[in-house]
Amino acid sequence: MRYMLLHKTNDNLEAGKPPDPEILERADAVLEEMRQAGVLVLGEGLMPSSRGARVTFPVPGQPRVIDGPFAETKELVAGVSIIRVDSKEEAVRWALRFAEADPYTPIDILEVAD
């Protein structure tokens, strides 16, 4: 099974400030641990929403494009990891390793549809 770990953002990252170097170093160590364990499919950081866009459909079939930044920081993602593991419980254990590296960043864990 594949799971996507969505690492949420914060106001500092959305403002374009670099992450705390110590937290980044610890998170990179977790990614390396995942690589060595053979579970990491993808691990990437994302740019602030000011560099992105959102497509909405206020009227069905009529898309509307909105340039960033987006107001609700707590709903935005700063990074994504995709892992291949045997169970949701194992995915949670890996997410908890990130929580040890950065105790301030919530992580959503979602199973990837096959």
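Residues numbered from 1 in each chain as written. Predicted model: local features only at pLDDT ≥ 70, side-chain atom pairs only at ≥ 80, totals over all residues. Heavy atoms only, no water.

**Student:** Lay out helix α3 (residues 88-101) in plain terms, naming residues and giving numbers.
**Tutor:** The terminal C-alpha atoms of α3 lie 20 Å apart, and with 14 residues this matches the ideal 20 Å at 1.5 Å per residue to within 8%. Regarding α3, the residues found buried are Glu90, Ala91, Trp94, Ala95, Phe98 and Ala101. In an axial view of α3, the angular spread of the buried residues amounts to 145 degrees, which keeps them on one side of the axis. Among the exposed residues of α3, those pointing more than 90 degrees away from its buried face are Arg93 and Glu100. Those residues of α3 hidden inside the fold are in contact with β1 (2-8), α2 (21-37), β5 (77-84) and β6 (107-111). (Helix = DSSP H or I, 4+ residues; strand = E, 2+ residues; numbered from the N terminus. Expected span 1.5 Å × (residues − 1). Buried < 20%, exposed > 50% of the residue type's maximum accessible area, 1.4 Å probe, protein only. Arc of directions from axis to C-beta. Contact = heavy atoms within 4.5 Å.)

**Student:** Describe in detail the pattern of salt bridges, supporting the description with residues and values.
**Tutor:** Applying the stated rule across the entire model yields five salt bridges. Here aspartate 108 ties to lysine 8 by a salt bridge, and the two come within 3.1 Å at their closest N and O atoms. Of this pair, aspartate 108 sits in strand β6 while lysine 8 sits in strand β1; the two residues are 100 residues apart in sequence, bridging distant segments of the chain. By relative accessible area, which is 10% here, lysine 8 ends up buried. Between arginine 97 and glutamate 100 there is a salt bridge; the shortest N-O distance is 2.4 Å. Taken together, the residues span about one helical turn, with arginine 97 and glutamate 100 both in helix α3 at a distance of three residues. The partly exposed category is assigned to arginine 97, whose relative accessible area is 27%. Overlapping salt bridges bring together Glu33, Arg97 and Glu100 as one network. (Salt bridge = Lys/Arg side-chain N within 4 Å of Asp/Glu carboxyl O.)

**Student:** Could you give an account of α2, naming the residues involved and the relevant values?
**Tutor:** Helical periodicity: at 3.6 residues per turn, an α-helix aligns residues three or four positions apart in one direction. Between its first and last C-alpha, α2 extends 24 Å over 17 residues, near the 24 Å set by a 1.5 Å rise per residue. Along α2, the residues classified as buried are Ile23, Ala27, Val30, Leu31 and Met34. Buried residues along α2 cover an arc of 100 degrees about the axis, so they all sit on one side. In α2, the exposed positions that point more than 90 degrees away from the buried face belong to Pro21, Glu22, Glu25 and Gln36. Residues of α2 that are buried make contact with β1, β2 (40-45), β5 and α3. Its side-chain oxygen at 2.7 Å from the backbone nitrogen of glutamate 22, aspartate 20 defines the N-terminal cap of α2. The first or second residue beyond α2 is glycine 38, which carries a positive phi of 80 degrees. (Polar contact = N/O pair within 3.5 Å; in protein donor to acceptor, adjacent residues only side chain to side chain.)

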